[in-house]
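Coordinate analysis (summary)
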Amino acid sequence: MIGVIYLGTNTETQERLKYIPGRLVQFTENYKNAASACVPHVRNEHFIVFFEQNERNEDVTAITYIRKKSKNAYIILLTRDLSKEDREIYQKCGINDTIALNASVTELNKKIQFIADREGMLFDDQAPRYRMLRFKIPVWKRLFDIFFSALGIIILSPVFIITAIAIRLESKGPVVYKSKRVGTNYTIFDFLKFRSMYVDAEQRLKEVAKEEGNQYAEKGEEEQKANITAPLGAEAEMMMMNMGMESDMMISDDEVMLVGDDFVVAESDFNKEKKEEIENAFVKIENDPRVTKVGKFIRKTSIDELPQLFNILKGDMSIVGNRPLPLYEAEKLTADASIDRFMAPAGLTGLWQVEERGKGGMMSAEERKQLDITYGRTYSFKLDMQIIFRTLTGFMQKENV
């Protein structure tokens, strides 16, 4: 059972919280009253506290007090922006989560529902507070990874040496390419690959993506432009102000309009655009001219992935799991529907890779995400063996996956 409490004085936020379906929100302006409101009346009753950000030192005092008095509270900071220093301080004093101060009713409701669906995990009354929910790799899987990654490094050492020499002979630059990737529990680590591109490849990414096209993009450029509301000029803004009630007649009663410094857009269109950003998070370019001749070969044969055996040995990832993502892709997959993807092992090969080979290398971003989530929920020793077998049989591939 989840109760909702708001601590703050923002009338707009109070108004939005009143319209949360099926929830009775308690409004308080004093942190001691908020702590008193978190007292459970029945067994296993828990509370979500929306805490409006104010002056930092005062906030730390208030949050620390609520956390000390209320063991069953999940505190969400309503904030416009946080520096790295502020974020660390707020987390240390007991904040569990953050959400934008101007979050819509829909966004607030989704956040509440997400917490309610995971009430048994997030509110462990017998466990110490400040414990973050994290995935922990099973012992059998870790032992399997250590043994076979070490064995693979020893057996494939001649391939490592020949590949390194070939890369250096064709182009200048490091043999092994390091990039920041996001794996299990959103952990960022240095992801190792044999370099298959020219050294200035990242600088040319935007230009190449524009020229060659993103094979996962599901909308054309013209259609995307059609969804963007034209900026308002000074005359248009003045006209809207003068129209008063007449301008409201042009908008449906059940439509919410979001007004920014230089735009006006319907909330439904805004949410649709954000959804499409998430769905098209994966960037993949066909016939990429940034790739060297050696790079094309080692990509086709997956030799470029071999240095990840050292990542596996170190514990950054597993042999089988969900593919670690670059930062620019992972940051678009933080919505509730995508979080389960990162609550699973990160891997060298996985379910979507072998499924994509079966489909000739063509798979939508949404299909990939769903397969990642499926693996995270159902992985086992038997499934891992099946994926490894299918990976080995499809080693020589026509498409880069």
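Residues numbered from 1 in each chain as written. Predicted model: local features only at pLDDT ≥ 70, side-chain atom pairs only at ≥ 80, totals over all residues. Heavy atoms only, no water.

1. Quick word on the pairing of strand β7 (residues 188–194)
Put simply, the test is: For every residue, the accessible area (1.4 Å probe, protein chains only) is compared with the maximum for its type, and the residue is labelled buried under 20%, exposed over 50%, or partly exposed between those bounds. A run of H or I in DSSP becomes a helix once it reaches four residues, and a run of E becomes a strand once it reaches two; helices and strands are each numbered from the N terminus. A strand pair is defined by DSSP finding two or more bridges across the two strands.
By the criterion of burial, β7 is predominantly enclosed, with five of the seven residues buried. Here strand β6 (residues 176–182) pairs with β7 via seven bridges, running antiparallel. Bridge pairing links Tyr177 to Lys193 in β7.

2. Some details on the confidence of the model for the chain
Caution applies to low-pLDDT parts of the model: their predicted coordinates are not meant to be read in detail. What counts is decided by this rule: Note on scores: pLDDT gives the predictor's confidence for each residue, bounded by 0 and 100. Working rule for contacts: check all heavy atoms of both residues, and any pair within 4.5 Å makes them a contact.
For the chain, mean pLDDT is 77; residues scoring 70 or higher make up 70% of the total. Mean pLDDT in the chain bottoms out at helix α12 (residues 245–248), which sits at 40, and peaks at helix α15 (residues 308–314), which reaches 95. Scored below 50 in pLDDT, residues 126–131 makes 10 contacts in the model with residues more than four places away or belonging to other chains. In this model residues 216–253 is a low-confidence stretch, pLDDT under 50, and it forms 28 contacts with partners more than four residues away in sequence or in other chains.

3. Some words on the sheet that holds strand β3 (residues 46–52)
Put simply, the test is: Axis angles are defined between N-to-C directions and span 0 to 180 degrees, where every axis is a line fitted to C-alpha atoms and, for a helix, only to the segment in contact.
Taking strand neighbours across the sheet as the criterion, the five strands line up as β2-β1-β3-β4-β5 in an open arrangement whose pairing is parallel. Edge positions in the open sheet fall to β2 (25–28) and β5 (97–100), since each of these has one partner strand only. Looking at each pair of strands side by side, their axes are set apart by 25° on average, direction ignored. Pairing of strand β4 (residues 73–79) with β5, which is carried by four bridges, proceeds in the parallel orientation. Each residue of the ladder has a partner; that of Leu77, found in β5, is Thr98. The strands touched by helix α3 (residues 56–69) within the sheet are β1 (2–7), β3 and β4, with β3 carrying the most contacts at an inclination of about 175°.

4. Side note on unusual backbone geometry
Unusually for a residue other than glycine, Tyr186 sits at a positive phi of about 60°. The topology assignment puts Tyr186 in the loop between β6 and β7. Among the residues examined, Tyr186 registers a relative accessible area of 28% and is labelled partly exposed. Phi is positive for Ser302, which is not a glycine, with a value near 65°. Along the chain, the position of Ser302 falls in the loop between α14 (293–300) and α15. By relative accessible area, which is 15% here, Ser302 ends up buried.

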